[in-house]
Amino acid sequence: MSAPVIGLSGSPKATSRSRALLELALAALERQAAGPSRLIDLAALPSDALLGRREDPAVAAAIQGVLDAGIVVVSTPIYRATYSGLLKVFFDLLPQDALARKVAIPIATGGGSTHLLAVDHGLRPLLASVGALVVATGVYGTDAQFRAGVPEPALVERIERAALEAASLASGVTI
Ligand SMILES: Cc1cc2nc3c(=O)[nH]c(=O)nc-3n(C[C@H](O)[C@H](O)[C@H](O)COP(=O)(O)O)c2cc1C
């Protein structure tokens, strides 16, 4: 039985493009039998616990979900040229090496292409800082690549490729 796949959505919006890409990535991973998946909306967690002011069972369960996963898929809107603060505060709560021996997929959406390197210069180092093996294919979508919330085929293909890489890596991860 494969370890679970966990998806972390770092958008505070109820209707979210980055979350839509995350859902597609989780579905692609399930098709590749990478493991049962679960999506966590970080915005649904209590903010004072996310800020580390108190402990909370829902936040503890989310952290445990990450620790138990084999693949971690992270999605975020680009805010001020990098990933959202919501994603940052959650990662600040993770133990050191929380993602060691796990494979990660970085996903972001932005208003335009100006900050597309935030995937490589922001998300990749964030994931590597807690030990993740990050797939070669990062996913970045612009708002113009969505029609009524649906991403264009090129973006979907990129998600499929990232999911394939993650499933392959996860099946062989022994480090
Ligand atoms: C506070 C705020 C800051 C933003 N900063 C940027 C930015 O620096 N670069 C960019 O490309 N888009 C920026 N955007 C646009 C969002 O990244 C973009 O609309 C994204 O697709 C939203 O993702 P979501 O639908 O998952 O929340 C910003 C939006 C907000 C609300």
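The structure under discussion appears in the preceding block.
Notes on the structure follow. (Residues numbered from 1 in each chain as written. Predicted model: local features only at pLDDT ≥ 70, side-chain atom pairs only at ≥ 80, totals over all residues. Heavy atoms only, no water.)

### Notes on unusual backbone geometry
Most peptide bonds take the trans form, and the phi angle of most residues other than glycine is negative. Stated precisely, the cut-off is as follows: Numbering of helices and strands starts at the N terminus; helices are DSSP runs of H or I of at least 4 residues and strands are runs of E of at least 2.
Residue Asp-97 is not a glycine yet carries a positive backbone phi of 65 degrees. Here Asp-97 is to be found in the loop between helix H4 (85-93) and strand S4 (103-110). Although it is not a glycine, Ala-148 sits at a positive phi angle of roughly 50 degrees. Topologically, Ala-148 is positioned in the loop between strand S7 (146-147) and strand S8 (150-151).

### Overview of the nonpolar core
Our working rule: We define the nonpolar core as a collection of buried residues of types Ala, Val, Leu, Ile, Met, Phe, Trp, Tyr and Cys that are connected through side-chain atoms lying within 4.5 Å of one another. For every residue, the accessible area (1.4 Å probe, protein chains only) is compared with the maximum for its type, and the residue is labelled buried under 20%, exposed over 50%, or partly exposed between those bounds. Contacts: residue pairs with any heavy atoms within 4.5 Å of one another.
In terms of nonpolar packing, the biggest core is built from 34 residues, with Leu-8, Phe-90, Phe-91 and Leu-99 touching the most fellow members. Mapped by element, the contributors of at least two residues to this core are strand S1 (5-9), helix H2 (47-50), helix H3 (57-68), strand S3 (71-77), H4, S4 and helix H5 (118-128). For this core, the leading source of residues is H5, giving five residues. Setting aside anything within four residues of it in sequence, one finds Phe-91 in contact with Leu-8, Val-74, Leu-126, Leu-127 and Val-130. Val-5, Leu-22, Val-73 and Val-103 belong to the second-largest nonpolar core, a separate cluster that totals 22 residues.

### Overview of the site of the ligand
To be explicit about the condition: Near, as used in this document, describes a residue that has one of its heavy atoms within 4 Å of the molecule or strand being considered. Whenever two N or O atoms come within 3.5 Å, that pair is a polar contact, provided that in protein one can donate a hydrogen and the other can accept it, and provided that, for residues adjacent in sequence, both atoms are side-chain atoms. Computed with a 1.4 Å probe, the accessible areas rest on the Shrake-Rupley method; for each residue, only the protein chains presented here act as cover. Each residue gets one of three labels, nonpolar for Ala, Val, Leu, Ile, Met, Phe, Trp, Tyr, Cys and Pro, charged for Asp, Glu, Lys and Arg, and polar for the others, Gly among them.
Neighbouring the ligand are 17 residues, the closest being Ser-11, Ser-16, Ser-18, Ile-78 and Asp-143. Between His-115 and the ligand, the recorded distance is 2.8 Å, taken from a side-chain N or O atom to a nitrogen atom. Here the ligand loses 76% of its free accessible area of 650 Å² to cover by the protein chains. Only helix H1 (17-31) and S4 provide two or more residues apiece to the shell around the ligand. Looking at the shell around the ligand, its residues break down into five nonpolar, eight polar and four charged.

### Comments concerning the packing of H1 against helix H6 (residues 153-172)
The cut-off we apply is this: Simply put, an axis is a line fit to the C-alpha atoms, just over the touching stretch for a helix, and the angle between two N-to-C directions goes from 0 to 180 degrees. Reported orientations rely on four angle classes, namely roughly parallel under 35 degrees, roughly antiparallel over 145, roughly perpendicular from 65 to 115, and oblique for the rest. Each crossing is labelled by how the near helix is turned from the far one, with a counterclockwise turn of less than a right angle marking it left-handed and a clockwise turn marking it right-handed.
Running from N to C, H1 and H6 point in directions that differ by 45 degrees, and their axes come no closer than 9 Å. Taken together, the axes of H1 and H6 lie oblique to each other. Note on packing geometry: the crossing formed by H1 with H6 is right-handed. From H1, Leu-21, Leu-24, Ala-25, Ala-28, Leu-29 and Arg-31 reach across to H6, where they touch Leu-155, Val-156, Ile-159, Glu-160, Ala-163, Ala-166 and Ala-167. Here the residues of the contact of H1 with H6 sort into eleven nonpolar, no polar and two charged.

### Section: H3
The following threshold applies: The span you would expect from a helix comes to 1.5 Å times its residue count less one. It is the directions from the helix axis to the C-beta atoms that the arc portrays.
Across its twelve residues, H3 extends 16 Å between first and last C-alpha, which sits within 8% of the 16 Å expected from 1.5 Å per residue. Every buried residue of H3 is accounted for by Val-59, Ala-62, Ile-63, Gly-65 and Val-66. Looking down the long axis of H3, one finds its buried residues gathered within 155 degrees of arc, a one-sided arrangement. Packed against the buried residues of H3 are S1, strand S2 (37-41), H2, S3 and H4. One side-chain oxygen at the N-terminal end of H3 lies 2.8 Å from the backbone nitrogen of Ala-58; it belongs to Asp-56.

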